Amino acid sequence: MDTFSLSLGIGTSNLSKRKCFLFSILVGAFHFFMPLLGTLLVKKLVSFFMLKSDFLLGAILIYLAITMFIEIIHPEEKEKKMNIVNMLLLSLSVSIDSFSTGIGLSAITTNMLLAVIIFSSVSFCFTYLGLLIGKYANRLLGTYATIFGALLLIVIGLFHLLHF
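A brief structural summary. (Residues numbered from 1 in each chain as written. Predicted model: local features only at pLDDT ≥ 70, side-chain atom pairs only at ≥ 80, totals over all residues. Heavy atoms only, no water.)

Brief notes about helix 4 (residues 84-95)
Three or four residues apart is the spacing at which side chains of an α-helix point the same way, because the helix has 3.6 residues per turn.
Line of reasoning, step 1. Compared with the 16 Å implied by 1.5 Å per residue over 12 residues, the 16 Å span of helix 4 between its first and last C-alpha is a close match.
Line of reasoning, step 2. Within helix 4 the residues assigned to the buried category are Met87, Leu90, Ser91, Ser93, Val94 and Ser95.
Line of reasoning, step 3. Measuring from the side-chain oxygen of the N-cap residue of helix 4 to the backbone nitrogen of Val85 gives 3.2 Å; that N-cap residue is Asn83. (Helix = DSSP H or I, 4+ residues; strand = E, 2+ residues; numbered from the N terminus. Expected span 1.5 Å × (residues − 1). Buried < 20%, exposed > 50% of the residue type's maximum accessible area, 1.4 Å probe, protein only. Polar contact = N/O pair within 3.5 Å; in protein donor to acceptor, adjacent residues only side chain to side chain.)

With respect to the side chain of His31
Line of reasoning, step 1. Position of His31 among the secondary structure elements: in helix 2 (residues 17-40).
Line of reasoning, step 2. Among the polar contacts made by the side chain of His31, one reaches the side chain of Ser95 at a distance of 3.0 Å.
Line of reasoning, step 3. Every residue in contact with His31, bar those within four places of it in the chain, is listed here: Thr3, Val94, Ser95, Ser98, Val116, Phe119, Ser120 and Ser123. (Contact = heavy atoms within 4.5 Å.)

Side note on the packing of helix 2 against helix 6 (residues 112-141)
Line of reasoning, step 1. Where helix 2 meets helix 6, the axes come as close as 8 Å, and the angle between the chain directions of the two elements is 150 degrees. Between helix 2 and helix 6, the crossing angle belongs to the class labelled roughly antiparallel. Seen along the crossing, helix 2 lies across helix 6 with a hand that is right-handed. Residues Cys20, Phe21, Phe23, Ser24, Ile25, Val27, Gly28, His31, Phe32, Pro35, Leu36 and Thr39 of helix 2 lie in contact with helix 6, whose contacting residues are Met112, Leu113, Val116, Ile117, Phe119, Ser120, Ser123, Phe124, Thr127, Tyr128 and Leu131.
Line of reasoning, step 2. For the contact of helix 2 with helix 6, the per-class residue count stands at 16 nonpolar, 7 polar and no charged. (Axes fitted to C-alpha atoms, helices over the stretch in contact; angles between N-to-C directions. Parallel < 35°, antiparallel > 145°, perpendicular 65-115°, else oblique. Left-handed = near helix turned anticlockwise from the far one by under 90°. Nonpolar A, V, L, I, M, F, W, Y, C, P; charged D, E, K, R; others polar.)

Quick word on the nonpolar core
Line of reasoning, step 1. Ranked by internal contacts, the top residues of the largest apolar core, which has 19 residues, are Leu6, Ile10, Phe23, Leu90 and Leu153.
Line of reasoning, step 2. Every element with two or more residues in this core is listed here: helix 1 (2-11), helix 2, helix 3 (43-73), helix 4 and helix 7 (143-163).
Line of reasoning, step 3. Each residue touching Leu153, except ones within four places of it in the same chain, is listed here: Ser5, Leu6, Gly9, Leu61, Leu64, Ala65 and Met68. (Core = buried A, V, L, I, M, F, W, Y, C linked by side-chain atoms within 4.5 Å.)

Quick look at helix 6
Line of reasoning, step 1. Over its 30 residues, helix 6 runs 42 Å from end to end, which matches the ideal 44 Å to within 8%, given 1.5 Å per residue.
Line of reasoning, step 2. By the burial criterion, the buried members of helix 6 are Met112, Ala115, Val116, Ser120, Ser123, Thr127, Gly130, Leu131, Gly134, Lys135 and Asn138.
Line of reasoning, step 3. Two residues or fewer after helix 6 comes Gly142, characterised by a positive phi angle close to 65 degrees.

Keep in mind these numbers describe shape, not what the thing actually does.
The following block contains the structure:
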């Protein structure tokens, strides 16, 4: 659900359909590999990354919200500059909490591969759906959708920062 909320906010940034699909694929891929890695590594490493992931995710979300507000004030470009490096880092930061999910999944299922396939597929769908809804809301509501998306990112970012 945090990925869905993030996608709603990013969707208001007028990303191309190609970038929406690519970002969704990356999030789905990270949600596939991170739980698998989580089952392979020790619990100390998981707790170390959990602390860092909440802080990192919160900081990235607030940074995105600030850039969205700047874009409202200075609307020079139509499409948000989201290159592959930004997409990879954002996908990783949103998916790193699924690292610890791998440990939990291994405790409740014997078919880890099927569980991870379902987990990543749902993550892909929620990300893409959030991007599309954000894009539609942006067309329908214009600047108000961007403001709402940025405020949503700030709230989620603060939640992750204060959770740290």
